[in-house]
Amino acid sequence: MALLVTLLAAGAIACDDSTLVNPRSFDGGQALQYAGTQVAFGPRVPGQQGHEAMAGWLDSLLRTKADTVLTQRWTHVTQAGESLPMVNFLAQFNPSATRRILLLAHWDTRPMSDAAVPELQDVPVPGANDGASGVAVLLGVADALDLIPPSVGVDLLFVDGEDYGDFSARPQVDVMIGSRYYAANQLTPPPLFAVLFDMVGDRDLRLQREGNSLIGAPEVVDLVWNAAANAGYSSVFVGHEGMSLTDDHVELQRGGIRAIDVVDFSYGPGNTWWHTPEDTMDKISAESLGIVGTVALEVIATVEAM
Ligand SMILES: [Zn+2]
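Residues numbered from 1 in each chain as written. Predicted model: local features only at pLDDT ≥ 70, side-chain atom pairs only at ≥ 80, totals over all residues. Heavy atoms only, no water.

Asks: Please clarify how the pattern of salt bridges should be interpreted in this entry.
Replies: Close approach of charged atoms lets side chains of opposite charge pair. Evaluation of the coordinates by the stated rule reveals twelve salt bridges. A salt bridge links Glu304 to Arg24, with the shortest nitrogen-to-oxygen separation between them at 2.9 Å. Of this pair, Glu304 sits in helix α9 (residues 286-304) while Arg24 sits in the loop between α1 (2-16) and α2 (28-40); the two residues are 280 residues apart in sequence, bridging distant segments of the chain. Between Asp163 and Arg110 there is a salt bridge, with the nearest N and O atoms lying 3.7 Å from each other. Here Asp163, found in the loop between β4 (153-159) and α5 (177-184), pairs with Arg110, found in the loop between β3 (100-106) and α4 (128-147); they are 53 residues apart in sequence, far enough to count as distant. With relative accessibility at 2%, the residue Arg110 sits in the buried group. Each of Arg110, Asp114 and Asp163 takes part in one network of salt bridges that share partners. (Salt bridge = Lys/Arg side-chain N within 4 Å of Asp/Glu carboxyl O. Helix = DSSP H or I, 4+ residues; strand = E, 2+ residues; numbered from the N terminus. Buried < 20%, exposed > 50% of the residue type's maximum accessible area, 1.4 Å probe, protein only.)

Right under this line is the structure:
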């Protein structure tokens, strides 16, 4: 009983203390290696060989780290009538805890470079930043939680099919497929909140508060940006409001989850590396992945102290 009282008192102090100490550390160099492994599979486009190879790697890697790994497999029929094999992975830590948080990223990559010059538009996006970076952060978080298990539930969700289709169509077609599937087939109890990591590896990282996050879950934006400030990264997680993006967090919001997007939508001069063959490993850094991963761990520590 004395121990319990001491722990509760320590928890209360930590909760009120803006200098909350995160007990875990994040290895940015290892995260960069995780990104490199993904890119080496080639494009992770649903229905193609690199997608299948990465699915096998991710599944077996997660099983070495998480308490439980759940998979959701289904076939998505595109507007053009093509059948695509889809799989979401959910790696659970402390699966019996009722207070849970959800961290997610998309693991697929875009089949075409539609933002590139016309002669390159048929080339698949390598997806070092747009795909691999978010997954690398989640895998680094998995390593840290494997070493020091969380006292709250943490679910790491790797969604498929975010980047397959047409974002410019209205309504948008064949995009955010995995997050929509998860929103319709979610685990219970629902998480306290969810944080999406997308395009978080840019060497020149600058994360603004994203518009749909501020509309859908402003208190979660505050929690994450405060965690970043506690970790000493206010110069990267800046106070400005950035663009409003349609991304996987919007599908989770539609499913009733308080979800936000941590995203740097300024990738290269004038965002010219986004959705082009320029999205390669030399554009991302261990330092940027390390900053975002450290903030993710700080968010977990914040919820543990609540
Ligand atoms: Zn994309």
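Asks: Got a minute to help me understand the sheet that holds strand β5 (residues 194-198) in this structure?
Replies: Sheet strands line up and pair through hydrogen bonds in the backbone, either parallel or antiparallel. Read across the sheet, six strands follow the order β1-β2-β4-β3-β5-β8 without closing on themselves; strand pairing throughout is mixed. The sheet is open, and its two edges are formed by β1 (68-77) and β8 (259-263), each paired on a single side. Averaged over all pairs of adjacent strands, the angle between their axes in this sheet comes to 20 degrees, without regard to strand direction. The sheet contact formed by strand β2 (residues 83-93) and β4 spans five bridges and is antiparallel. Bridging from a neighbouring strand, Leu90 pairs with Leu157 of β4. Most of the contacts of α4 go to β3, to which it runs at about 145 degrees, and overall it touches β2, β3, β4 and β5. Sitting on the sheet, α5 is in contact with β1, β2, β3 and β4, with an inclination near 115 degrees to β1. (Pairing = 2+ DSSP bridges. Axes fitted to C-alpha atoms, helices over the stretch in contact; angles between N-to-C directions. Contact = heavy atoms within 4.5 Å.)

Asks: What is the right way to read the pairing of β3 from this model?
Replies: Working note: regular strand, side chains alternate between the two faces of the sheet. Counting buried residues in β3 gives seven out of seven residues, a clear majority hidden from the surface. The sheet contact formed by β3 and β4 spans seven bridges and is parallel. When the bridges of β4 are listed, Arg100 appears paired with Gly153. Chirality of the crossover, the property in question, places the unit of β3, α4 and β4 among those that are right-handed. Of the strand pairs in this sheet, β3 and β5 are connected by three bridges, and their pairing is parallel. Directly across from Leu102, in β5, lies its bridge partner Ala194. (Right-handed = clockwise from strand over helix to strand, strands pointing away.)

Asks: Where do I start with unusual backbone geometry in this structure?
Replies: Note the cis peptide between Arg170 and Pro171, where omega equals 0 degrees. Residue Pro189 follows Thr188 across a cis peptide bond; omega there is -5 degrees. Its location among the elements puts Pro189 in the loop between α5 and β5. Not every positive phi belongs to a glycine, and Asn94 is a case in point at roughly 55 degrees.

Asks: What should I look at first to understand the coordination of the zinc ion in this one?
Replies: Ideal geometry at a metal gives 109.5 degrees between four tetrahedral donors and either 90 or 180 degrees between six octahedral ones. Taken together, the protein donors to the zinc ion comprise Asp130 (OD), Asp163 (OD), Asp163 (OD) and His275 (NE2), at separations of 1.9 to 2.7 Å. Each of the four donor atoms bound to the zinc ion contributes to angles spanning 53 to 147 degrees, and the resulting shape is irregular. (Donors = N, O, S within 2.8 Å, 3.2 Å for Na, K, Ca; no water. Tetrahedral: all angles 85-135°; square planar, octahedral: opposite > 155°, others 65-115°.)

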